[in-house]
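Chain residues, written in single-letter form:
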Amino acid sequence: MPVAEAGAAPPEESDLPAPAESDLSDGERAIVYQWLAGLFAREMSLETLSAYRAAEGVALLKQFGAMAALAPLVEQFQGLVASGQRVSAGDADLAGAYARLFLGVGGRRSAPPYESAYTSERGLLFQEASAESQDLLDELGLHVDESFPEPADHIAVQLSVMAELARRAEAAAGEPARTLWRARQRAFLEQRLLSWIEPFYESCDAADRSGFYATAARSLVDFLKADGRRLRDTA
Amino acid sequence: MGALGAVAPSLLSPGVARAAVQDGEVLSASHWGAFTASVKGGRWVNVKGWEKDPHPSHQLPGVMDSVYSPTRIKYPMVRRAYLENGPGADVASRGADDFVRVSWDQALELTVKELKRVEETYGPTGTYAGSYGWKSPGKLHNCQNLMRRMLNLKGSFVNSAGDYSTGASQIIMPHVMGTLEVYEQQTVWPVIVESSDLLVFWGADPMVTNQIGWIIPDHGAYPGMEDFKKTGKPVIFIDPVRNESCDFFGAEWIAPKPQTDVAMMLGIAHTLHSEGLHDQAFLDDYCAGFDKFLPYLLGESDGTPKTAEWAAEICGVPADTLKDLARRFAGGRTMLASGWSLQRQHHGEQRHWMLVTLASMLGQIGLPGGGFGLSYHYSSGGSPGANSAVLSGITDGGKAVEGAAWLTESGAATIPLARIVDMLENPGQDFDFNGKRDKYPDVKMTYWTGGNPFAHHQDRNRMVKAWQKFETVVVQDFQWTATARHADIVLPATTSYERNDIEQYGDYSLKAIIAMKQVVEPVFEARNDYDIFAEISDRLGKKQDFTEGNSEMDWIRKFYEDALKQGQAKNLDMPDFDAFWEQGYVEFPVEEAGRSYVRYADYREDPLLEPLGTPTGKIEIFSRNIEKMGYDDCPPHPTWMEPVERLDGPNAKFPLHVATSHPRGRLHSQLCGTSLRETYTIAEREPCLINTEDAAQRGIADGDVVRIFNDRGQMLAGAVVTDAIRPGVIRVNEGGWYDPVEPGADNSLCAYGDVNCLTVDIGTSKLAQGNCGHTAIADVEKFTGTLPEVKVFSTPKNA
């Protein structure tokens, strides 16, 4: 069962908030986290690019674009979407860039999207960070879906965990429970994502020929840092 | 948020993940030895050598790291231009083009479609499947046999013969000794320790190279070498480098000019003869054709007596030293143990032939501790053999060759494998090979598995161009090797440690059978070789023929039960399969026959009843069969011939020889992508040993990045300035991962240090057509340009 309901009705234009990061509700933050997770989970398919061209997609981008941290990324996105005609070339360009950066094709000039690669002694995958991320999933009663055969310290999984924790805060009955879920978000963000996201960005920046993923990683870093500040204030 | 669901579907599902493998310790095995793996939370977290291994390799942690390396191939990938435009698309961009992830279904569909197209369009010789390399051990997931098993069901293919290790020797030795010789049990170490007075290693580094085995090494040579060292008896190393083994023994070091060994041996042989130290009775009774060789030795046939003085001029070792060696060799029981470097050179056939001739003149072949040996440095030749049962294994489905169940004849055509680039460049052209003449086939596609030709083949720049002839290249591997980077379709395979298998322990001793148990679940979308080829066979409508209805464990059980039947016939104490699998291994007893084995003792005892497998039944110092072939580059008796290029040779264009020895911290190119690299790299590059004088002349200091170059290629390396290498020689180990600064460009600089950028790609001779990976001269300079980053390894910048 997917955690986000794919079939939910699109929100009305007027419902869309255009807040600064500090004003986001837990539910809104969950949406941003899930979006960012999707961005790094896989190459962008033709279907995904088409979805951004549809009215809902345009609205979604507009909503994200209002946030300072995400603005550069959204701007790039809008350019990509607007470039229009050569959809398949855009798709393949990004897929090639994705494979080079995140699937190992680029060799040293790549940016493995795993915490273990940055925090383990020998720069390997499936190290302590992976085990600890897995432990947290166990604790939450969740597992990485079979359709995504990646370790639990993959950036998209960690971002999905943040989305899930934010959703639980949003759904919490009463302030004490909400505070608890916010504290868990803060701990996870600080202990996991913020511990390696900067070197991850630097690797993207050094190796990305397309520019798209370097921008995405920069926006990601900025959003995570801003969100970290927000959580410090509220959790 | 419907749009969000469409662009960012959830990656998490409810429910706690079930650990697929149990925590605890697992016995498994590799080319580096048997080991115990610790598993925690489904992850492989620690490795240690098997308790019964007397000398576990320091490379085992690298084996573990290779599973979790960022260089793993994670998903099926297709080169972008190929995906968009099909076979033959923009082949010049291989190595530089993007790769795009595809589903397994799409990757296999593309592969099967192309296998069929090539077969239908170009016929049985359109597909080259001579795929060679150090595939992982295991009797089932033998990816090369499995691939050819599938291809035999599809139709046909072009196969390859021989290997890169012993290309020349394995062809000449059957003419000379009647056996392959290079892959045979040696007079065992306890006998050497007891009976040899002098141990000579000629072009070998046994402490380094015995770490690895083709199956599971038992490392039995190490106690042997340690025991010999304790006796205090003399050891001599003949090698341009004072290698690690020479230091281990505290041995005497003699450093001839590379590639001149035949001349050096002739000088020793001449001294033996002129001083009457040779064993004429042995030559008469056990050898054929010494009388035809002698006029050459004495110069009666060509006007040049091969005196010690003559030899000294060529090999650079003083004549007095050569004479002294002759006297010492003849003065007691001497074992001449040669490595294979000698025969991976132009005219490589001559060197081991001359070594056998020298040993024949000494007359100690078949006596305890005397004679010659061609496998003391490899897979622990000389480790005492057990009374054992032997496993069968998956076959390629080809026709079995009489008397050698492990060899089959498959394929529509066969080339000597090191001639692959000649084949690509010259389809239809004649080539000679061991008395036969054939034509190079016109191949259009290759499927490569369990090997990395962009490491092991010579003359990289020439190869990169020739590789473009392939319209389609499929590579199935577990990591992004240079070969995978130059492919069109890349399929992710599991490592040995993500599947179950079974293998023999001790290449020569066969001391045990080990259950190679799965350590961890397959990572990412990697699939087992068996499953990949079963699925391709299925898509060809041949699944039942491929699997014979067997699963992985069915096959493993069957291989064991075949061995069990032999064991029962020999009254060996072997458990049934289930008990064996539970225990993890079964050992076999080493008995007196194994502990006292002397190679050729039978032949010496009774040469008429135990003749050799040569035409004369004797050691052939002169070969009529080779004479009949009439090859200008392989005369009918051991002969000194100038190689195409050598240090101080006639018209040498460059002043230094490049020695390309086997590395200490890798198996050829395997594990170059792991943290073991930290144990040997200099300035993040392959180390280059250079003599103090040569370095001083060029202003090179220890630790400098240097550029090594000749008219074939150029590469960077990190200088190690030392006196442990003779002047005029530099050494860069083979197997460094090819890392072109400009992939696909003409004569691109290799940033990391693939020494095959410099080596010559010609056959050893028309006889064996082996590779000449040790034939290279070059020059070196301090590198002063902008240093290109090494990018072949996925070490993240800030890790």
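Residues numbered from 1 in each chain as written. Chains lettered and ligands numbered in written order. Predicted model: local features only at pLDDT ≥ 70, side-chain atom pairs only at ≥ 80, totals over all residues. Heavy atoms only, no water.

A. Up close: the overall build of chain B. Counting its secondary structure elements, chain B contains 28 helices and 32 strands. By the burial criterion, 65% of the 799 residues in chain B qualify as buried. In the form shown here, chain B has an accessible surface area of approximately 26200 Å², with 48% of it arising from carbon and sulfur atoms. Placing the 75 positive and 105 negative side-chain charges of chain B at their respective mean positions leaves the two points 3 Å apart. (Helix = DSSP H or I, 4+ residues; strand = E, 2+ residues; numbered from the N terminus. Buried < 20%, exposed > 50% of the residue type's maximum accessible area, 1.4 Å probe, protein only. Areas by Shrake-Rupley, 256 points an atom, 1.4 Å probe, with all protein chains shown as cover. Lys, Arg positive; Asp, Glu negative; His and termini not counted. Charge placed at Lys NZ, Arg CZ, Asp CG, Glu CD.)

B. Region of interest: the packing of helix α1 (residues 26-41) of chain A against helix α4 (residues 71-82) of chain A. Residues and elements named next belong to chain A. Running from N to C, α1 and α4 cross one another at 55 degrees; their axes reach a closest spacing of 14 Å. Our classification of the angle between α1 and α4 gives oblique. The hand of the α1/α4 crossing is left-handed. Side by side, α1 and α4 meet where W35, L36 and L39 of the first sit next to L73, V74 and F77 of the second. Classifying every residue of the contact of α1 with α4 gives six nonpolar, no polar and no charged. (Axes fitted to C-alpha atoms, helices over the stretch in contact; angles between N-to-C directions. Parallel < 35°, antiparallel > 145°, perpendicular 65-115°, else oblique. Left-handed = near helix turned anticlockwise from the far one by under 90°. Contact = heavy atoms within 4.5 Å. Nonpolar A, V, L, I, M, F, W, Y, C, P; charged D, E, K, R; others polar.)

C. Representation of the environment of R712 of chain B within the structure. Residues and elements named next belong to chain B. Note that R712 resides in the loop between β29 (705-709) and β30 (714-722). R712 gets classed as buried once you look at its relative accessible area, which sits at 15%. Among all residues touching R712, those that are not within four sequence positions of it are D459, N461, E645, N747, C757, L758, T759, V760, T775, A776 and I777. Looking at R712, its side chain comes within polar contact range of the main-chain oxygen of L758, at 2.9 Å. In terms of polar contacts, R712 uses its side chain to reach the backbone carbonyl oxygen of T759, at 3.1 Å. (Polar contact = N/O pair within 3.5 Å; in protein donor to acceptor, adjacent residues only side chain to side chain.)

D. Main features of the pairing of strand β22 (residues 489-492) of chain B. All names here are of chain B. Here β22 shows a buried face lined by I489 and L491 and a second buried face lined by V490 and P492. As defined by bridge partners, strand β5 (residues 77-79) adjoins β22 across two bridges and the pair is classed as antiparallel. Residue V78 lies in a different strand from β22, and its bridge partner there is I489. Of the pairings in the sheet, the one linking strand β21 (residues 472-477) to β22 comprises four bridges and is parallel in character. Within β22, the residue paired with Q476 across the bridge is L491. (Pairing = 2+ DSSP bridges.)

E. Helix α15 (residues 319-330) of chain B, seen in detail. All names here are of chain B. Relative to the 16 Å expected for 12 residues at 1.5 Å per residue, α15 spans 17 Å between its end C-alpha atoms, a close match to the ideal helical length. Burial in α15 covers these residues: A319, L322, L325, A326 and F329. Each buried residue of α15 sits inside an arc of 120 degrees when the element is viewed along its axis, so together they form one side. (Expected span 1.5 Å × (residues − 1). Arc of directions from axis to C-beta.)

F. Seen up close, the pairing of strand β4 (residues 43-49) of chain B. Residue and element names in this part refer to chain B. Strand direction decides the pairing type here: strand β3 (residues 33-40) and β4, joined by six bridges, are antiparallel. The residue bridging V39 from the neighbouring strand is W44, located in β4. Hairpin connection of β3 to β4: two residues between the antiparallel strands, including G41 at a positive phi of 55 degrees.

G. The sheet that holds β4 of chain B, seen in detail. Residues and elements named next belong to chain B. In spatial order, the strands read β2-β3-β4; together these three strands make up an open sheet with antiparallel pairing. Whereas interior strands pair on both sides, the edge strands pair on one side only; in this sheet they are β2 (24-30) and β4. Averaged over all neighbouring strand pairs, the angle between strand axes comes to 35 degrees, with direction disregarded. Along the sheet, helix α2 (residues 60-67) makes contact with β2, β3 and β4, crossing β4 at roughly 160 degrees.

H. Here's a closer look at the packing of helix α11 (residues 261-274) of chain B against helix α13 (residues 290-298) of chain B. All names here are of chain B. Axis separation between α11 and α13 bottoms out at 10 Å; the angle between their running directions is 105 degrees. Judged by the angle between their axes, α11 and α13 are roughly perpendicular. On α13, the residues that touch L266, A269, H270 and H273 of α11 are F293, L294, Y296, L297 and L298. Its residues assigned to classes, the contact of α11 with α13 comprises seven nonpolar, two polar and no charged.

I. Highlighting the domain arrangement of chain B. All names here are of chain B. Entries for chain B in the domain assignment read domain 1 (77-164 + 388-520 + 528-587), domain 2 (178-377 + 600-629) and domain 3 (656-782). The straight-line distance from the C-alpha centre of domain 1 to that of domain 3 is 29 Å. Contacts between the two partners involve 28 residues from domain 1, matched on the other side by 29 residues from domain 3. Interface area, domain 1 with domain 3, both sides summed: about 2400 Å², of which 46% is carbon and sulfur. For domain 1, the biggest contributors to the area lost against domain 3 are W134, Q458 and N461; these three give 25% of the whole. At the junction of domain 1 with domain 3, the criterion picks out four salt bridges. One salt bridge in this structure joins D746 and K465, with 2.7 Å as the shortest N-O distance. At the junction of domain 1 with domain 3, the criterion picks out 20 residue pairs in polar contact (both at pLDDT 80 or more). Listing elements by their share of the side of domain 1 that touches domain 3, those giving two or more residues are β18 (430-433), α18 (453-456) and α19 (460-466). Of the residues forming the side of domain 1 that touches domain 3, the biggest block, five residues, is contributed by α19. (Domains from an automatic or database assignment. Buried area = accessible area lost by both parts, 1.4 Å probe. Salt bridge = Lys/Arg side-chain N within 4 Å of Asp/Glu carboxyl O.)

J. Local environment of the interface of chain B and chain A. Taken together, the contact between chain B and chain A spans 53 residues of the former and 76 residues of the latter. Scanning the region where chain B abuts chain A turns up six salt bridges. Residue E789 of chain B is joined to R109 of chain A by a salt bridge in which the shortest nitrogen-to-oxygen separation is 3.5 Å. Summed over the shared surface of chain B and chain A, the number is 21 residue pairs in polar contact (both at pLDDT 80 or more). Contributing elements (two or more residues each) for the side of chain B that touches chain A: α1 (2-7), β1 (12-14), α2, α3 (80-85) and β6 (99-101) of chain B. In terms of residue count, α1 of chain B provides more of the side of chain B that touches chain A than any other element does, six residues in total. Tallied by class, the residues present in the side of chain B that touches chain A amount to 28 nonpolar, 10 polar and 15 charged. Bridging between strand β1 (residues 142-144) of chain A and β1 of chain B involves three bridges; their strand directions are antiparallel. Counterpart to H143 of chain A in the pairing with β1 of chain B is S13 of chain B.

K. Spotlight on the packing of aromatic side chains. Here the structure, examined in full by the defined rule, presents 55 aromatic pairs over all chains. Centre to centre, the rings of Y98 of chain A and Y213 of chain A are 5.7 Å apart; their planes meet at 70 degrees, and the pair counts as edge-to-face. Of the two residues, Y98 of chain A is situated in helix α5 (residues 87-102) and Y213 of chain A in helix α10 (residues 212-234); the sequence distance between them amounts to 115 residues. By relative accessible area, Y213 of chain A is classed as buried at 0%. A network of ring pairs unites the aromatic residues W35, F40, Y52, F64, F77, Y98, F102, Y118, W196, F200, F212 and Y213 of chain A as a single cluster. One residue, R218 of chain A, lies across the ring of Y201 of chain A, its end atom 4.5 Å from the ring centre. Note that R101 of chain B overlies the ring of Y75 of chain B, its terminal NZ or CZ placed 4.1 Å from the centroid. (Phe/Tyr/Trp six-rings, centres within 6.5 Å; stacked < 30°, edge-to-face > 60°. Lys NZ or Arg CZ within 6 Å of the ring centre and 35° of its normal.)

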